[in-house]
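Topology and contacts: notes
Now for the letters of each chain:
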Amino acid sequence: MLTGNHLIAGTWVAGTDTFLSTPATGEATAFANGTPADINRACEAAEAAFPAYSALPRDARAAFLDRIADEIDARGADLTAHGTAETGLPAARLDGERGRTTGQLRLFAAHIRDGAYLDRRTDPAQPDRKPAARPEIRMIQRPLGPVAVFGASNFPLAFSTAGGDTASALAAGCPVVVKGHPAHPATAEIVAQAILAAITALNLPAGVFSLVQGNGFGIGQALVQHPLIKAVGFTGGLKGGRALFDLCAQRPEPVPFYGELGSVNPMFVLPHALSARGGAIAAGWAASLTMGAGQFCTNPGIVVLVDGPDAQTFVAAAKAALAQVGPQTMLTDGIADAFRAGRDRLAASPAVRGVLTTTCDGRQASPGVFEVAAKDWLGDDALGHEVFGPLGLIVRANDLAEMQAVAAAIEGQLTCTLQVDPGDHPTARSLLPVLERKAGRILANGFPTGVEVGEAQVHGGPYPASTNFGATSVGTMAIRRWLRPVAYQNMPQDLLTGDLAR
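Numbering of residues starts from 1 in every chain and runs along the sequence as written. Local features in a predicted model are, by the rule used here, given only for residues with pLDDT of at least 70; side-chain atom pairs are given and counted only at 80 or more, and totals for whole chains, interfaces and linings are based on all residues. To obtain the side-chain values, all non-hydrogen atoms of the structure were used and water was disregarded.

Some remarks on unusual backbone geometry
- Cis geometry marks the peptide bond from Lys 130 to Pro 131; its omega dihedral reads 10 degrees.
- Counting from the N terminus, the helices are the DSSP runs of H or I reaching at least four residues and the strands are the DSSP runs of E reaching at least two. Inspection of the secondary structure assignment puts Pro 131 in the loop between β5 (121-123) and β6 (137-143).
- Omega for the peptide link from Tyr 463 to Pro 464 comes to 10 degrees, which places this bond in the cis form.
- Along the chain, Pro 464 turns up in the loop between β20 (439-444) and β21 (483-489).
- Positive phi, normally seen in glycine, also occurs at Asn 265, with a value near 50 degrees.
- One non-glycine residue, Asn 445, adopts positive backbone phi at about 55 degrees.
- Mapped onto the elements of the fold, Asn 445 is located in the loop between β20 and β21.

Structure, rendered in structure tokens:
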């Protein structure tokens, strides 16, 4: 049963102020609205838990992650029911996302059992080295301390309460304070119940995890500015994320802010591929563009191709495919409003032509497609901004040189895609060095929606895709965000315990 309260250090805490959920279906529910006092209590509990939790053997932390996954699976039916009602996402999507969430937890459990992430290095002592002896130095990765995590609107499970940021931080040995997203507070609370059950079963420090709900900016501000928080994980929009990033930088002790802020994920369709299979590429793009009402951070919002008859065939095929897609429910009223505003901004540009324009009301969104000449796109920075939802912009270049100019002009992205046939390989080779500087993941002959969770994945990129281009929020390398290297020089052997001794 839902309490509507925060979970702070093992206790369900009510609030004097509440906010109402805004579900896509069903009745609204009241939830406690967090305060700076709630944040302070959660952060102090996390700091109190840190010494014992970070000192746990890796096997014990791995068992905790596995137990959280088991507890989430045990609540699968409730999570799907509440998640679909709150977000409007279909049950199959929520079931799949739950599998991704538990899969991430179990992946990090296996990752820390292996121990390679510790990156242990040893320089043996050389007492007889001339002109100066060399001391023994051992280096290992150590956890930072309490971590703040912000739930994402578009992934109520995989990027929220027990999502990748929380899983990787707990794996690293860092207690976590989650600021729940107001778009799905019931889903957040059920996941928090699962984490609490795991904490209780394994007799772990209660402060290792807290969830504070809230629908205002103030609670997020209090969280990132709390002096006990040592790093922040965020998935969301550019405006809010940048504001939190700036607050982290302005603290007396600045801390890293790992924010994923926005991406248009451009797709470059090279001439041979366009000629040979332009219609199929257009159909695949339409499916990717409208998946989940286009509410993915990897949604391919821009297509770049060389103008001509093959380009016209692509545009016609994309229009035909998208015309078959009906209205879809968006995650929140605010996201639906922002989508319409972005669509209207494009439509108002004199350089942009509508290919498929539709109307949508309330929380519904229908796909839209526009096209623009590359020279006009290059002359208007606003045409490269993300519109979160099922909206695409086709950029027509006069030739390959102009396509290269578009590639050079794009901002930092999560992904860039190349549609290539063998005859396009020379052109692709010239584009790759440009795209490597623009994106964290480069795809060939695919579509970026769908982010595999594994050892090699990178989900991040240069600003504004993310605030730290050297990090990823998906894949096992995500654990590096919550660790720092510590070197130990000439330590007595009986002080080299645990992982440091091996």
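After presenting the structure, the write-up continues.
Details of the environment of Gly 214
- Within the element layout of this structure, Gly 214 appears in the loop between β9 (209-212) and α7 (217-225).
- Should any heavy atoms of two residues lie within 4.5 Å, those residues are counted as being in contact. Setting aside its immediate chain neighbours within four residues, Gly 214 contacts Phe 19, Ala 32, Asn 33, Gly 34, Lys 179, Gly 180, Pro 182 and Ile 219.

Regarding the nonpolar core
- The criterion is simple. A nonpolar core is a set of buried Ala, Val, Leu, Ile, Met, Phe, Trp, Tyr and Cys residues joined through side-chain atoms within 4.5 Å. Each residue's exposure class comes from its accessible area (1.4 Å probe, protein chains only) as a fraction of the maximum for that residue type: buried when under 20%, exposed when over 50%, partly exposed otherwise. Membership of the largest hydrophobic core comes to 89 residues, with the highest contact counts inside it found for Phe 64, Phe 209, Phe 268, Trp 377 and Val 395.
- Among all residues touching Phe 64, those that are not within four sequence positions of it are Tyr 53, Leu 170, Ile 195, Ala 198, Ile 199, Leu 202, Leu 204 and Val 208.
- Grouped together as the second largest cluster of nonpolar side chains are 23 residues, Val 177, Ala 222, Val 224 and Phe 257 included.

Notes on the packing of α7 against helix α8 (residues 238-250)
- Convention adopted: a line fitted to C-alpha atoms gives each axis, helices being fitted over their contacting stretch, and angles between N-to-C directions are expressed from 0 to 180 degrees. At a minimum axis distance of 9 Å, the contact between α7 and α8 shows a crossing angle of 35 degrees. The two elements α7 and α8 meet at a crossing, and its hand is right-handed. Counted together, Phe 217, Gly 220, Gln 221, Val 224 and Gln 225 of α7 and Ala 243, Leu 244, Leu 247 and Cys 248 of α8 form the full contact between these two elements.
- Side-chain classes are defined by residue name, with Ala, Val, Leu, Ile, Met, Phe, Trp, Tyr, Cys and Pro counting as nonpolar, Asp, Glu, Lys and Arg as charged, and the others, Gly among them, as polar. The class makeup of the residues in the contact of α7 with α8 is six nonpolar, three polar and no charged. Left-handed describes a crossing whose near helix is turned anticlockwise from the far helix by less than a right angle; the clockwise case is right-handed.

Quick word on helix α1 (residues 36-54)
- The span you would expect from a helix comes to 1.5 Å times its residue count less one. Between its first and last C-alpha atoms α1 spans 26 Å; for 19 residues at 1.5 Å apiece the expected length is 27 Å, and the two agree.
- Here the bend at a residue is taken as the angle between two axes, fitted respectively to the seven residues that end there and the seven that start there. At Ala 48, α1 shows its maximal kink, close to 30 degrees; a proline, Pro 51, follows between one and four residues later.
- Those residues of α1 lying buried are Asp 38, Ile 39, Ala 42, Cys 43, Ala 45, Ala 46, Ala 49, Phe 50 and Tyr 53.

Comments concerning the sheet that holds strand β19 (residues 413-419)
- Two strands pair if DSSP finds at least two bridges between them. Strand order across the open sheet formed by seven strands is β15-β17-β18-β13-β12-β19-β20, with mixed pairing between neighbours. Edge positions in the sheet fall to β15 (353-356) and β20, since each has one partner strand and no second. Each adjacent strand pair in this sheet contributes to an overall mean axis angle of 20 degrees, direction not counted.

Details of the pattern of salt bridges
- Any carboxyl oxygen of Asp or Glu within 4 Å of a side-chain nitrogen of Lys or Arg constitutes a salt bridge here. All chains considered together, the criterion is met by 23 salt bridges.
- Measuring nitrogen to oxygen at the nearest pair gives 3.1 Å for the salt bridge that ties Arg 113 to Asp 66. Note that Arg 113 is positioned in helix α4 (residues 91-114) and Asp 66 in helix α2 (residues 58-74), a separation of 47 residues in sequence.

Considerations on the sheet that holds β6
- Strand order in the open sheet made by the three strands is β5-β6-β21, with antiparallel pairing throughout. At either end of the open sheet lies a strand with only one pairing partner, and these are β5 and β21. Neighbouring strand axes in the sheet, compared pairwise and without regard to direction, differ in orientation by 25 degrees on average.
- Examined bridge by bridge, β6 and β21 share seven bridges and lie antiparallel to one another.

A few points about the pairing of β19
- Where burial is concerned, most of β19 is hidden: seven out of the seven residues are buried.
- Of the pairings in the sheet, the one linking strand β12 (residues 267-269) to β19 comprises three bridges and is parallel in character. Following the sheet pairing, Val 269 is matched in β19 by Gln 419.
- A right-handed crossover is one whose linking path, passing over the helix from the first strand to the second, runs clockwise when the strands point away from the viewer. Regarding topology, helix α14 (residues 425-436) serves as the crossover connection from β19 to the parallel β20, and that connection is right-handed.

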